[in-house]
Amino acid sequence: MSAQDRDRWDAVYGGRATPAPPRLPAVFAAYRSHFPRSGAALEIACGTGAASVWLAQRGLRVHGVDVSATAIDAARRLARTAGVTARFDMFDLDGGLPPGDLVQVLLCHKFRAPTLYNPMMARLAPGGLLAICVLSAVGAEPGRFRAAAGELRSAFGGLDVIASGEGDGQAWLLARRPC
């Protein structure tokens, strides 16, 4: 990611008055019971850490990464305020996923990088849960950051789908890696 993109995201996160409280993204809220209460979790493009801290509150060992130093600072503050331990690092996903072991949860909300789809599947432990939501051309104007219709189901076809949806400009998928 360019320095210009990083600066843009720092400005976006710096302009937010109050970070979101710990919570699972709304698109996955009805499926919270599918999220484990132990093991490791990786959230890519974690922003200010609301979902990462929610996962840590459930008992997971969480690593959140984002390109924005401003967002990572806010995520660390949120974890301290919530009284949980989570690791947050500034990381440019253009070079791939951060190194690490297999995870029981991989969460990606509103970040689309098709080059990471296979590495994301490979990072899941057997039985691991993928929760991904991206901008979509379904119900919105096409654009370079939007997924084509059926993109997530096609890309993650090797996983066992729990639930998915497309419309109103977003596509999402909740799926498990077979054991």
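Report follows, based on the coordinates.

Rules used in this analysis
- Residues numbered from 1 in each chain as written.
- Predicted model: local features only at pLDDT ≥ 70, side-chain atom pairs only at ≥ 80, totals over all residues.
- Heavy atoms only, no water.
- Helix = DSSP H or I, 4+ residues; strand = E, 2+ residues; numbered from the N terminus.
- Expected span 1.5 Å × (residues − 1).
- Buried < 20%, exposed > 50% of the residue type's maximum accessible area, 1.4 Å probe, protein only.
- Arc of directions from axis to C-beta.
- Polar contact = N/O pair within 3.5 Å; in protein donor to acceptor, adjacent residues only side chain to side chain.
- Pairing = 2+ DSSP bridges.
- Right-handed = clockwise from strand over helix to strand, strands pointing away.
- Phe/Tyr/Trp six-rings, centres within 6.5 Å; stacked < 30°, edge-to-face > 60°.

1. Overview of helix α3 (residues 69–82)
So, step 1. Between its terminal C-alpha atoms α3 stretches 20 Å, which fits the 20 Å expected from 14 residues at 1.5 Å a residue.
So, step 2. For α3, the full list of buried residues reads A71, I72, A74, A75, L78 and A79. End-on, the buried residues of α3 take up no more than an arc of 160 degrees, which puts them together on one face. Of the exposed residues in α3, the ones pointing more than 90 degrees away from its buried face are R80 and T81.
So, step 3. In this structure S68 caps α3, since a side-chain oxygen of it lies 3.3 Å from the backbone nitrogen of T70.

2. So, the pairing of strand β3 (residues 87–90)
So, step 1. Direction of pairing for strand β2 (residues 61–66) relative to β3: parallel, over a ladder of four bridges. Paired with H63 across the bridge in β3 is R87.
So, step 2. Handedness of the crossover joining β2 and β3 through α3 is recorded here as right-handed.

3. Let's talk about the packing of aromatic side chains
Aromatic ring pairs are described here by two measures, namely the spacing of the ring centres and the angle between the planes.
So, step 1. Inspection of every chain in the model, using the stated rule, returns four aromatic pairs.
So, step 2. Taking 5.7 Å as the distance between ring centres and 40 degrees as the angle between the ring planes, the aromatic pair formed by Y31 and W172 counts as tilted. In this pair, Y31 is assigned in the loop between α1 (3–14) and β1 (40–44) and W172 in strand β7 (residues 170–176), connecting sequence segments 141 residues apart.
So, step 3. In this structure Y31 comes out as partly exposed when scored by relative accessible area, which is 24%.

4. A closer look at the side chain of S68
So, step 1. Turning to its location among the elements, S68 is positioned in the loop between β2 and α3.
So, step 2. The class of S68 is buried, set by a relative accessible area of 0%.
So, step 3. A polar contact is formed between the side chain of S68 and the backbone nitrogen of T70, at a distance of 3.3 Å.
So, step 4. Reaching out from S68, the side chain makes a polar contact with the backbone nitrogen of A71 at a distance of 3.0 Å.

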